[in-house]
Amino acid sequence: MVTSESAAPEAKGPASGSRALGGHTSGSRASLPARPETAPTLREHALIVIRHAITTGDLDEDTIYSAAGLAKQLGMSLSPVREAMMSLVAEGTVEAVPNRGFRLVPVTREDLEEIIRIRALLAGPAVDALCARASEDPAASEAALGDLRTHAEAALAAAHEDDTIGFMTADRLFHEHLLEHGLGRRAADISLRLRDQSRVFAAHSIAAIVDAESAQQIVDLVGLIEAGRSAEAQALVIDNLFYFRRTENL
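Predicted, not measured: the structure shown is a model, and the values here were computed from it.

Reading guide: rules and limits
- Residues numbered from 1 in each chain as written.
- Predicted model: local features only at pLDDT ≥ 70, side-chain atom pairs only at ≥ 80, totals over all residues.
- Heavy atoms only, no water.
- Salt bridge = Lys/Arg side-chain N within 4 Å of Asp/Glu carboxyl O.
- Buried < 20%, exposed > 50% of the residue type's maximum accessible area, 1.4 Å probe, protein only.
- Phe/Tyr/Trp six-rings, centres within 6.5 Å; stacked < 30°, edge-to-face > 60°.
- Lys NZ or Arg CZ within 6 Å of the ring centre and 35° of its normal.
- Helix = DSSP H or I, 4+ residues; strand = E, 2+ residues; numbered from the N terminus.
- Polar contact = N/O pair within 3.5 Å; in protein donor to acceptor, adjacent residues only side chain to side chain.
- Core = buried A, V, L, I, M, F, W, Y, C linked by side-chain atoms within 4.5 Å.
- Contact = heavy atoms within 4.5 Å.
- Axes fitted to C-alpha atoms, helices over the stretch in contact; angles between N-to-C directions.
- Parallel < 35°, antiparallel > 145°, perpendicular 65-115°, else oblique.
- Left-handed = near helix turned anticlockwise from the far one by under 90°.
- Nonpolar A, V, L, I, M, F, W, Y, C, P; charged D, E, K, R; others polar.

Visitor: Help me understand the pattern of salt bridges, please; the structure alone is not making it clear to me.
Guide: Note on pairing: side chains with opposite charge can pair once their charged atoms come close. A complete count under the given rule lists 13 salt bridges for this structure. Arg 185 serves as the salt-bridge partner of Glu 180, at 2.8 Å between the closest nitrogen and oxygen. For Glu 180, a relative accessible area of 32% corresponds to the partly exposed category. Residue Arg 185 is classed as partly exposed on the basis of its relative accessible area, which comes to 32%.

In structure tokens:
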């Protein structure tokens, strides 16, 4: 795995010149997710922003982060940030370091294999359900397919522009909505928690190739779902989930 450099290495906040969450200096938060209507509390908003930072590689496994330092960078109160980090501890993405703060739980290759196998148990049936729906009632499936196509095309465009953060964000949204449209919100939440625990990023030298291949797969996946080709779609989505294998083969 290759992760980007840490955003908040010091317990009292970022050191001079260090990056804030989202890859910007501490004076800018332009890339941080806005607080959506579906996140009515500050804790839930902090959780969304921190998950985004994990997804895009702005949090590093080798760094201990203080809740105060993260809160300062997010421009939020300490309490909701600490509560969000404790939620991540409860689900196994983060671990608490006594008297120091929090750090991401290290992930081994065996962990990745297990995580993907579990995600595949959800993704396969979700794709099958979407294919059946598209075959039985194409008009009713139009909105869901349009939503998936939008995220897939955004991922492909970002990959072609060598925008790894843009690709990771769009790809995460695609898989979130794939599960939500196929099986429901609970399945999407479970899959996203597992995805956040995997934290796989391609090295910069091969990111454009790996990201473009992965993005093209999800664009093709939408086409297979629309055509109702369930067996092919299920095989493709499972192959797509094993992103980390492509980073090892180049």
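Visitor: Would you mind going over the packing of aromatic side chains with me for this structure?
Guide: Ring pairs (aromatic) are described by centroid distance and by the angle formed between their planes. As enumerated under the stated definition, the model contains one aromatic pair in all. Here the basic side chain of Arg 245 rests over the ring of Phe 242, its NZ or CZ set 3.8 Å away from the ring centre.

Visitor: Hey, could you run me through the side chain of Glu 61 in this one?
Guide: Along the polypeptide, Glu 61 turns up in the loop between helix 1 (42-55) and helix 2 (67-74). Using a relative accessible area of 17% as the deciding quantity, one classes Glu 61 as buried. Within polar-contact distance, the side chain of Glu 61 engages the backbone nitrogen of Val 107 at 3.4 Å.

Visitor: Teacher, can you tell me more about the nonpolar core here?
Guide: When a protein is soluble and globular, its nonpolar side chains tend to lie buried together. Membership of the largest hydrophobic core comes to 40 residues, with the highest contact counts inside it found for Phe 167, Phe 174, Leu 178, Leu 221 and Ile 225. Going through the elements one at a time, helix 4 (109-136), helix 5 (138-160), helix 6 (164-182), helix 7 (185-198), helix 8 (204-226), helix 9 (230-241) and helix 10 (243-248) are the ones with two or more residues in this core. Of all the elements, helix 4 adds the most residues to this core, at nine residues. Phe 174 has contacts with Leu 148, His 151, Ala 152, Ile 218, Leu 221 and Val 222, leaving out every residue within four places of it along the chain. Core analysis: the second largest hydrophobic core is formed by 20 residues, Ala 53, Tyr 65, Val 81 and Leu 104 among them.

Visitor: How do you make sense of the packing of helix 4 against helix 9 when you look at a structure like this?
Guide: To describe two helices that pack against each other, one gives the angle between their axes and the distance between the axes. For the pair helix 4 and helix 9, the least separation of the axes is 9 Å and the interaxial angle reads 150°. Considering their axes alone, helix 4 and helix 9 lie roughly antiparallel with respect to each other. By crossing handedness, the relation of helix 4 to helix 9 is classed as right-handed. Taking contact as the criterion, the partners of Ile 116, Arg 119, Ala 120, Ala 123, Gly 124, Val 127, Asp 128 and Cys 131 in helix 4 are, on helix 9, Ser 230, Ala 233, Gln 234, Val 237, Ile 238 and Leu 241. Residues belonging to the contact of helix 4 with helix 9 are distributed by class as follows: nine nonpolar, three polar and two charged.

Visitor: I tried to follow the environment of Val 94 on my own but got confused; where do I start?
Guide: Relative to the elements of secondary structure, Val 94 occurs in strand 1 (residues 94-97). A sequence separation of 103 residues divides Val 94 from Gln 197, and the C-alpha atoms of the two residues are 8.5 Å apart. Discounting residues that sit within four places of it in the chain, Val 94 has contacts with Met 85, Leu 88, Val 89, Phe 102, Arg 103, Leu 104 and Val 105.

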